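# Reading the structure
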Amino acid sequence: MKHTFKIFRYDPAKERQPRYQEYQVEAEPTDKILDCLNRIRWEQDSSLTYRMSCAHGVCGSDAMRINGICALACQRLIKDYGEGPLLIEPLPQFPVLKDLLVDLTAFFEKYRGIWPYLLPDDPAPEKERLQSPEERMAFDEAIRCILCGCCTAACPILEDNQQFLGPAALLRAFRYLFDSRDRQKGKRMELLDDENAIWGCKTHGKCTEVCPKEIQVTQSLGRVKKKIYDSKKAP
Ligand code: FES
């Protein structure tokens, strides 16, 4: 069956305004949206630009907005969207480099800003820093994050405040704050105790709704807020 794809096209180097271009694609209900984009690019229009790599929901590179909802094109199937035309757009909140390809520079700058690595207070052991299964479970879910950017793109806070760190960076901060091997909790909480950091989150929950890994992002950010709040109450 033929499906209509209405795709956002824009080359800021050559065009003044974005436009939408329609393509007809023969597809089965079980075909991935990414398969269809590949078909368009390989068989109809090689100028269509987007990112992809693994095609299996692992690398996070093909995040885009499909019928208004941020998702991974390789995880979504034609049958998820019914028979109407499919509207394909780049992730909102991110500057467009070309078509569906967005600039992730600011996203990864914010990510690096939360110190996404262990901060120990002792010399490295000969083998590894050990952790019990229970300690590992304290942040287990957050490990699934693939930094696709869907949560950050869907966050309404960023529409008004681009300084806000956004859910992806804050979820990674959660992961280290609750890791028993990290020994700089005070320093981390000081960094996060800011209106552009954890207090910028107003629990809209859009991040959790769109997360392709089904991570309870909002809930995890709530645990960061509670930890900071409790640390201030402690004598
Ligand atoms: S292409 Fe890797 S997550 Fe979709």
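Refer to the structure above for everything that follows.
The following refers to the structure shown. For clarity, every value in this text was computed on a predicted model and none was experimentally measured.

Of regular secondary structure, the protein possesses nine helices and seven strands. In terms of overall dimensions, the protein has a C-alpha envelope of 65 × 35 × 30 Å along the principal axes. Each of the 235 residues in the protein was classed as buried or not, and the buried ones make up 37%. Residue pairs in contact within the protein that sit at least 24 positions apart in sequence constitute 65% of those at least 6 positions apart.

What holds strands together in a sheet is hydrogen bonding between their backbones, with the strands either parallel or antiparallel. Taken together, five strands build an open sheet; the order of strands is S2-S1-S5-S3-S4 and the sheet is mixed. Each end of this open sheet is capped by a strand with a single partner; those strands are strand S2 (19-26) and strand S4 (69-72). The sheet shows a mean angle of 35° between the axes of neighbouring strands, taken without regard to direction. In terms of strand pairing, strand S3 (residues 63-66) meets strand S5 (residues 86-89) through two bridges, oriented antiparallel.

Attention now moves to the packing of helix H2 (residues 105-113) against helix H6 (residues 167-177). At their nearest, the axes of H2 and H6 sit 9 Å apart, and the two run at 20° to each other. One element, H2, and the other, H6, form an angle in the roughly parallel class. You can see that H2 and H6 cross each other, and the crossing is right-handed. Of the residues in H6, those touching H2 at Lys110, Tyr111 and Gly113 are Ala168, Ala169 and Arg172. Of the residues in the contact of H2 with H6, the class split is three nonpolar, one polar and two charged.

What follows covers the nonpolar core. By size, the foremost hydrophobic cluster in this structure holds 60 residues, and its most contacted members are Cys150, Cys151, Leu170 and Ala173. Here this core gets eight residues from one element, more than from any other, and that element is H6. Two domains each provide a minimum of three residues to this core, namely domain 1 (2-102) and domain 2 (105-233). When residues no more than four places from it in sequence are discounted, the contact partners of Cys150 are Ala63, Cys70, Ala71, Val210, Cys211 and Pro212.

Another point: the packing of H6 against helix H9 (residues 217-233). Their axes nearest at 9 Å, the elements H6 and H9 cross at an angle of 55°. On the basis of the axis angle, H6 is oblique to H9. Note on packing geometry: the crossing formed by H6 with H9 is left-handed. Note on element contacts: H9 touches H6 through Val217, Ser220, Leu221, Arg223, Val224 and Lys227, opposite Pro167, Leu170, Leu171, Ala173, Phe174 and Leu177.

Looking now at the pairing of S5. When strand S1 (residues 2-9) meets S5, the two strands line up parallel, connected through three bridges. Its bridge partner lying in S5, Ile7 is registered against Ile88.

Turning to its location among the elements, Arg9 is positioned in strand S1. Separated by 201 residues in the primary sequence, Arg9 and Val210 have C-alpha atoms spaced 23 Å apart. Contacts of Arg9, omitting those with residues within four sequence positions, involve Pro18, Arg19, Tyr20, Gln21 and Asp99.

Analysis parameters
In this convention, every chain numbers its residues from 1, walking through the sequence in written order. This being a predicted model, a pLDDT of at least 70 is required before a residue's local features are given, and a value of 80 or more before pairs of side-chain atoms are given or counted; all residues contribute to the totals for chains, interfaces and linings. Each helix is a run of DSSP H or I of at least 4 residues and each strand a run of E of at least 2, with the numbering of both proceeding from the N terminus. Here a residue counts as buried when 20 or more other C-beta atoms sit within 10 Å of its C-beta, as exposed when there are 12 or fewer, and as partly exposed otherwise, the C-beta atoms being derived from the backbone. C-beta atoms are placed from the backbone for every residue, and two residues are taken to be in contact when these atoms lie within 7 Å. One requirement defines pairing of two strands: DSSP has to find at least two bridges between them. Every angle, taken between N-to-C directions, lies between 0 and 180 degrees, and every axis is a line fitted to C-alpha atoms, over only the stretch in contact when it is a helix. Here the angle decides the label: under 35 degrees means roughly parallel, over 145 means roughly antiparallel, 65 to 115 means roughly perpendicular, and every other value means oblique. Helix crossings are classified by the rotation of the near helix relative to the far one: an anticlockwise turn of less than a right angle makes the crossing left-handed, while a clockwise turn makes it right-handed. Residue polarity is assigned by list, with Asp, Glu, Lys and Arg as charged and Ala, Val, Leu, Ile, Met, Phe, Trp, Tyr, Cys and Pro as nonpolar; anything else, Gly included, falls into the polar class. Connectivity within a nonpolar core runs through C-beta atoms within 7 Å, and the core itself is a set of buried Ala, Val, Leu, Ile, Met, Phe, Trp, Tyr and Cys residues. Note: domain ranges come from an automatic or database domain assignment.

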